[in-house]
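Survey of secondary and tertiary structure
One-letter residues, chain by chain:
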Amino acid sequence: FHNLESYCSLNFSSFFPPECMISATELELLMQNVIFAHQETCQFRQENLQILRWETFSPEEMQNFQQKPMDQMWERCVCHITDAIQYIVEFAKRLSGFTDLNPNDQIVLLKAGAMELLLIRMSRAFNCFNNTVFFEGKYAQLELFHSLGCTDLITSMFDLCQSLCALNLSEHEMAFFNAITLLNPSYPWLQDKHKVDTLYRKIHFAFRHLLRRTHREFILMKLPEKEKLSNICQLHLEKLNIFRQMYPTIAWERFPPLYKELFISETENS
Ligand SMILES: O=C(O)[C@H]1CC[C@H](C(=O)N2CC[C@@]3(S(=O)(=O)c4ccc(F)cc4)c4ccc(OCc5c(F)cccc5Cl)cc4CC[C@@H]23)CC1
């Protein structure tokens, strides 16, 4: 870099402080780690989701879902998201360096990012040609979720999946996109922000290395912005509060502890 630095009078070390500089071997190992962490912690294999992608619910089955009471449909979705989040936690734990972070920071990153990573992974189970998503064994249209009473939230989730499908992300790219989304050093409550930032920079560097090798650098500019993901998560929390006002006891009695821990802040008066 010496002559390049002097030539464009860039100070590279400001981009990559020493602890971020990694060797070619470490780079390869880090790339494999991110890819395997993703592959080993997806709920469904890509090929199985593909095989089922034209299996849609019949009008009768659709009606059956739409006639379910709101609280029952909510309870089903809450259980599905809670199951799915266990896989996200497993993904994080397998990311080299994540479990070396301050335990409090691990919780903060998962609390803020679990739903975002699920929304990204949801695009794997999305058929952008007929706007359906894999749900309870078949592909479901948006209308199937009518009884949830949060069509704007579901619509924004479907729109996000459409935009991710347009990028045609590979499993490797999805793995890295999830890893950099999880390791967001700008969360306010982080105790050791520098350590998260160092890990983030290493993984982002490895992601760019992969994209350069595959001539896919352009997707970095087209990935959904952070606030698009966080807006959907915010909308989910708003809908959850409305649901809890309508069914005050259901959330406490019937929602899994992990869901409550992640999405119902204990400081609220219950
Ligand atoms: O292979 C893999 O790893 C992937 C397979 C596919 C998995 C997947 O897509 N998912 C796993 C759970 C599921 S879903 O399949 O149940 C689903 C639910 C609604 C949809 F429109 C589409 C899918 C889900 C459930 C609730 C939710 O928000 C919270 C929420 C509530 F809590 C209560 C009411 C309403 C809402 Cl919106 C959001 C999501 C997004 C991810 C979805 C993600 C992992």
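An account of the accompanying structure is given in this report. (Residues numbered from 1 in each chain as written. Predicted model: local features only at pLDDT ≥ 70, side-chain atom pairs only at ≥ 80, totals over all residues. Heavy atoms only, no water.)

The next subject is the sheet that holds strand S2 (residues 132-135). Strand order in the open sheet made by the three strands is S1-S2-S3, with antiparallel pairing throughout. Strands with a single pairing partner mark the edges of an open sheet, and in this sheet they are strand S1 (126-127) and strand S3 (138-141). One ladder, built from four bridges, connects S2 with S3; its direction is antiparallel. The residue bridging Phe-134 from the neighbouring strand is Tyr-139, located in S3. (Pairing = 2+ DSSP bridges. Helix = DSSP H or I, 4+ residues; strand = E, 2+ residues; numbered from the N terminus.)

Here helix H9 (residues 171-182) crosses helix H10 (residues 193-213) at 160°, and the two axes come no closer than 10 Å. In terms of orientation, H9 lies roughly antiparallel with respect to H10. Once H9 is placed against H10, the crossing between them reads as left-handed. Residue-level inspection shows His-172, Glu-173, Phe-176, Phe-177, Ala-179 and Ile-180 of H9 in contact with H10, the latter providing Tyr-200, Ile-203, His-204, Ala-206, Phe-207, Leu-210 and Leu-211. Broken down by class, the residue content of the contact of H9 with H10 amounts to ten nonpolar, two polar and one charged. (Axes fitted to C-alpha atoms, helices over the stretch in contact; angles between N-to-C directions. Parallel < 35°, antiparallel > 145°, perpendicular 65-115°, else oblique. Left-handed = near helix turned anticlockwise from the far one by under 90°. Contact = heavy atoms within 4.5 Å. Nonpolar A, V, L, I, M, F, W, Y, C, P; charged D, E, K, R; others polar.)

Our focus in this paragraph is the pattern of salt bridges. Counted according to the given criterion, the structure contains 14 salt bridges. Salt-bridge contacts for Asp-197 lead to Arg-201; the nearest nitrogen and oxygen are separated by 2.7 Å. Pair noted here: Asp-197 and Arg-201 are both in helix H10, with a separation of four residues, about one helical turn. The network of salt bridges with shared partners includes Glu-40, Glu-90, Lys-93 and Arg-94. (Salt bridge = Lys/Arg side-chain N within 4 Å of Asp/Glu carboxyl O.)

Any link to function would need more than the numbers given here.
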